[in-house]
Number of protein chains: 2
Amino acid sequence: MAATLHDVAHVAGVSFKTVSNVINDHPNVRPATRERVQKAIAELGYRPNLTARSLRSGHTGAITLAVPQLRLPYFAELADAVIRAAEARGLVVLIEQTSGERDRELEVLKSPRLRMSDGLIFSPLGLGEEDAALVTAEVPMVLLGERIFSGGCDHVTMQNVEGARAATEHLLDTGRQRIAVVGAHEGEVIGSAGLRLKGYREALESRGIEYDDGLVAYVGTWHRANGAEAMHELLDRGVEFDAVFGFNDTLAQGAMRVLQEAGRRIPSDVAVIGFDDLDETRYSIPTLSSVNPGREEIAKTAIKVLMERIKNPAGPAPREILTQFEVIARESTAA
Amino acid sequence: MAATLHDVAHVAGVSFKTVSNVINDHPNVRPATRERVQKAIAELGYRPNLTARSLRSGHTGAITLAVPQLRLPYFAELADAVIRAAEARGLVVLIEQTSGERDRELEVLKSPRLRMSDGLIFSPLGLGEEDAALVTAEVPMVLLGERIFSGGCDHVTMQNVEGARAATEHLLDTGRQRIAVVGAHEGEVIGSAGLRLKGYREALESRGIEYDDGLVAYVGTWHRANGAEAMHELLDRGVEFDAVFGFNDTLAQGAMRVLQEAGRRIPSDVAVIGFDDLDETRYSIPTLSSVNPGREEIAKTAIKVLMERIKNPAGPAPREILTQFEVIARESTAA
DNA sequence: GTGAAAGCGCTAACAT
DNA sequence: ATGTTAGCGCTTTCAC
């Protein structure tokens, strides 16, 4: 089968330790010997067995990324960014899908599989603050998202409250007064939905507008279909509104679709803003205003922090890192 | 650090082989002993070291999926499906992004990293038929897509020609005559673009309509932006058309956007159909007709075939597997 | 500068 | 039914 160090050593006529030295660029090898070894390596098409190397060295060169599902464009774009950031540092990425289910999330955390990687970037959806004590892994971990803050591990997250507040203020600035919400989670305080609702309320409050629960549509998950459903519900309720804040872009897209089906014009009748700044917001009809939560930065920072933690597990105290956000105005909120 | 078999054996007062027997459900263990060992395992929080197991057993329980990029919704949905299919069989998935660049694709094929997985599902974009000889890996491989057919490995692919032909015929059936194409690749014969163009031409021919290169817009990649650009170009050319066939849904979405900006109504002025049946086609304005290429089936079949090949590398001759497709009519091609 | 030997944690013959 | 032994392919002391 595949050639081993021994085979190479044999062909090159040296001890297999010398071959190892050549491969790992150790200093004490005579140029002539090195050359001979390299020739043997080429001849045999030798490739190091990384599994063996991992066993010996204790690290694998891989990290795990656990997300709800790649079908959700936000996580696809996040995974894309994480893989690129990891690759830039010579790491490969193993992806686990949790469907956002608590049990599956715990399973991933506890799986022996995790040890086949050097660290974990974990974006929980089912686990909550009350589970903080369970959120530990046998490898260094960086937490993403808004579900858990009290953990003892590094945490990279976007500014949900501030971003949502800015989005709402953007709508208010265009003269909108009755802003419907699509994507709230019943009773949630600390997840993305809870925090974005908080930002929404803060913005209203700062302008002296009273919060009206009748304008808020609650959903289960954040797929396009949920946005569509929620908008149907709002329309059925018969409440008046002149703007919609979709808690993410896919919800907003679903809602826009239904609004237009119902004959509402965007933005003249109803302005719409989303959250995430997905690529597709640039091509919908109309283009969708959104909040760029700093996804690239999240990915890059997560990788950086994780690598530091892998190098030095007992390093600095866990950090809480917030990314920059930016409101991107597009057609759906034109004045 | 982490407990090993030896630690468990020590605590349970047995030899470490017995522990191994318990873990691997070997028959010859007395219930009492088994129980004692299991208690020790629980007590120490023992988890097997899969790296060591891999080294010994020769397989890793992971497979590699190499795709251009997850930002392209088609590949995000494909990866999602592959991960689910793999998980159902107890495998995890490592994802490599190639950007569709030939060099990167070759790099992935040759990387020692690949041996940290048991097999490869490879969806090339940069490599072509002329590179077939280079498309070999040190692990079993299943090829996806249309770039390479002559390889000596299992190949799962969609019916591009037939699907494209059916899409075109669908447009013709609604009375359209001048069908523009968005997404062709200059001079390509065998890639998705080449094959879909072939299907388009076949459909025209079967109805006695002459092929007009003036109706074909060529692009570089298949992002939304390319679809938008291509449609701008078609409009600038001033050619008349009453339908558009986007070679994938993202291209079609970009094109629809530009068409509507230009005041063309869909489907009354121009009908539009895409390819891939992405989730987003169900929520755009208007909803986008498309061809479902059997993505779930591709994922499931690829995993199944790969596992068979892993189990038996010298097994049956490489297979060529085609999935079922289906034209999905939505608003964008309503009569 | 190069080689010999030990061992990472596990599985699988082969004893006992 | 349980224990012993020999590696998987590599890195890493430590000698020479």
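These numbers come from a predicted model, not from an experiment.

Draft legend 1. Representation of the protein's contact with DNA strand D within the structure. Within the structure, DNA strand D sits among 23 residues, and Tyr46(A), Ser15(B), Arg30(B), Thr33(B) and Arg56(B) are positioned closest to it. Counting only the atoms of DNA strand D that lie within 4 Å of the protein, the sugar and phosphate share comes to 56%. Take Thr33(B): an N or O atom from its side chain is 2.6 Å from a phosphate oxygen of DNA strand D. Separating a base nitrogen of DNA strand D from a side-chain N or O atom of Arg56(B) is a distance of 2.8 Å. Those elements that provide at least two residues to the surface near DNA strand D are helix 2 (16-23) and helix 4 (50-57) of chain A together with helix 2 (16-23) and helix 4 (50-57) of chain B. Considering only residue class, the surface near DNA strand D consists of nine nonpolar, eight polar and six charged.

Draft legend 2. Quick look at the relation of the copies chain B and chain A. Mapping chain B onto chain A calls for a screw motion: a turn of 180 degrees about the axis and a shift of 0.0 Å along it, with 0.1 Å RMSD after fitting. Accordingly, the operation relating the two chain copies is best matched by a two-fold axis. Judged by C-alpha distance, Leu94(B) is the residue of chain B that lies nearest the rotation axis, at 2.0 Å. Most of the interface of chain B is mirrored in chain A: 100% of its interface residues are interface residues there too.

Draft legend 3. Region of interest: the nonpolar core. Judged by nonpolar contacts, the single largest core of 148 residues is most densely connected at Ile95(A), Phe245(A), Ile95(B), Met231(B), Phe241(B) and Phe245(B). Sequence-distant contacts of Met231(B), that is, excluding residues within four places in its chain, are made with Val182(B), Phe241(B), Val244(B), Ala255(B), Val258(B) and Leu259(B).

Draft legend 4. Structural context of the sheet that holds strand 9 (residues 271-273) of chain B. Residues and elements named next belong to chain B. Reading across the sheet, the four strands line up as 7-6-8-9 and stay open at both edges, with parallel pairing between neighbours. Each edge of the open sheet carries a strand with a single partner, namely strand 7 (216-218) and strand 9. When strand polarity is set aside, the average angle formed by the axes of neighbouring strands in this sheet is 15 degrees. As paired strands, strand 8 (residues 243-246) and strand 9 are joined by three bridges and run parallel to one another. Counted as the bridge partner of Ala243 is Ala271 from strand 9. Packed on one face of the sheet, helix 7 (residues 160-173) meets strand 6 (179-184), strand 8 and strand 9 and runs near 165 degrees to strand 8. Helix 8 (residues 192-206) rests against strand 6, strand 7 and strand 8 of the sheet, and its axis sits at about 165 degrees to strand 6.

Draft legend 5. Geometry of the pattern of salt bridges. Following the criterion strictly, the structure yields 56 salt bridges over all chains and no others. The residue Arg104(B) makes a salt bridge to Glu87(A) at a minimum N-O spacing of 3.6 Å. Pair noted here: Arg104(B) is in helix 6 (residues 102-110) and Glu87(A) is in helix 5 (residues 73-87), and the two residues belong to different chains. In this structure, Arg257(A) engages Glu331(B) in a salt bridge whose closest nitrogen and oxygen atoms are separated by 2.4 Å. Linking Arg257(A) in helix 10 (residues 249-261) with Glu331(B) in the segment after strand 12 (326-328), this pair reaches from one chain into another.

Draft legend 6. Region of the structure containing the protein's contact with DNA strand C. Close contacts around DNA strand C come from 23 residues, with Ser15(A), Thr33(A), Leu5(B), Tyr46(B) and Arg53(B) the closest. In DNA strand C, atoms within 4 Å of the protein come 58% from sugar and phosphate. At 2.6 Å from a phosphate oxygen of DNA strand C is found a main-chain nitrogen or oxygen belonging to Leu5(B). Note that a base nitrogen of DNA strand C is positioned 3.4 Å from one of the side-chain N or O atoms of Lys17(B). Those elements giving two or more residues to the surface near DNA strand C turn out to be helix 2 and helix 4 of chain A together with helix 2 and helix 4 of chain B. Grouping the amino acids of the surface near DNA strand C by side-chain chemistry returns nine nonpolar, eight polar and six charged.

Draft legend 7. Expanded view of the UniProt feature "domain: HTH lacI-type" (unreviewed entry) in chain A. UniProt records the feature "domain: HTH lacI-type" (unreviewed entry) at residues 3-57 of chain A, using the numbering of this structure. Between the first and last C-alpha atoms of residues 3-57 of chain A the distance is 20 Å; the span itself is 69% helix and 0% strand.

Draft legend 8. Representation of the environment of Val305(A) in the model. All names here are of chain A. Counting through the fold element by element, Val305 comes out in helix 11 (residues 295-311). Its relative accessible area of 1% is what places Val305 among the buried residues. Separated by 205 residues in the primary sequence, Val305 and Gly100 place their C-alpha atoms 24 Å from one another.

Draft legend 9. Highlighting helix 11 of chain A. The terminal C-alpha atoms of helix 11 of chain A lie 24 Å apart, and with 17 residues this matches the ideal 24 Å at 1.5 Å per residue to within 8%. Arg295(A), Ile298(A), Ala299(A), Thr301(A), Ala302(A), Ile303(A), Val305(A), Leu306(A), Met307(A) and Arg309(A) are the residues of helix 11 of chain A that are buried.

Conventions used here
- Residues numbered from 1 in each chain as written.
- Chains lettered and ligands numbered in written order.
- Predicted model: local features only at pLDDT ≥ 70, side-chain atom pairs only at ≥ 80, totals over all residues.
- Heavy atoms only, no water.
- Near = heavy atom within 4 Å.
- Polar contact = N/O pair within 3.5 Å; in protein donor to acceptor, adjacent residues only side chain to side chain.
- Helix = DSSP H or I, 4+ residues; strand = E, 2+ residues; numbered from the N terminus.
- Nonpolar A, V, L, I, M, F, W, Y, C, P; charged D, E, K, R; others polar.
- Least-squares fit on C-alpha atoms with pLDDT ≥ 70 in both.
- Contact = heavy atoms within 4.5 Å.
- Core = buried A, V, L, I, M, F, W, Y, C linked by side-chain atoms within 4.5 Å.
- Buried < 20%, exposed > 50% of the residue type's maximum accessible area, 1.4 Å probe, protein only.
- Pairing = 2+ DSSP bridges.
- Axes fitted to C-alpha atoms, helices over the stretch in contact; angles between N-to-C directions.
- Salt bridge = Lys/Arg side-chain N within 4 Å of Asp/Glu carboxyl O.
- UniProt positions renumbered as here; feature names shortened; annotations may be inferred.
- Expected span 1.5 Å × (residues − 1).

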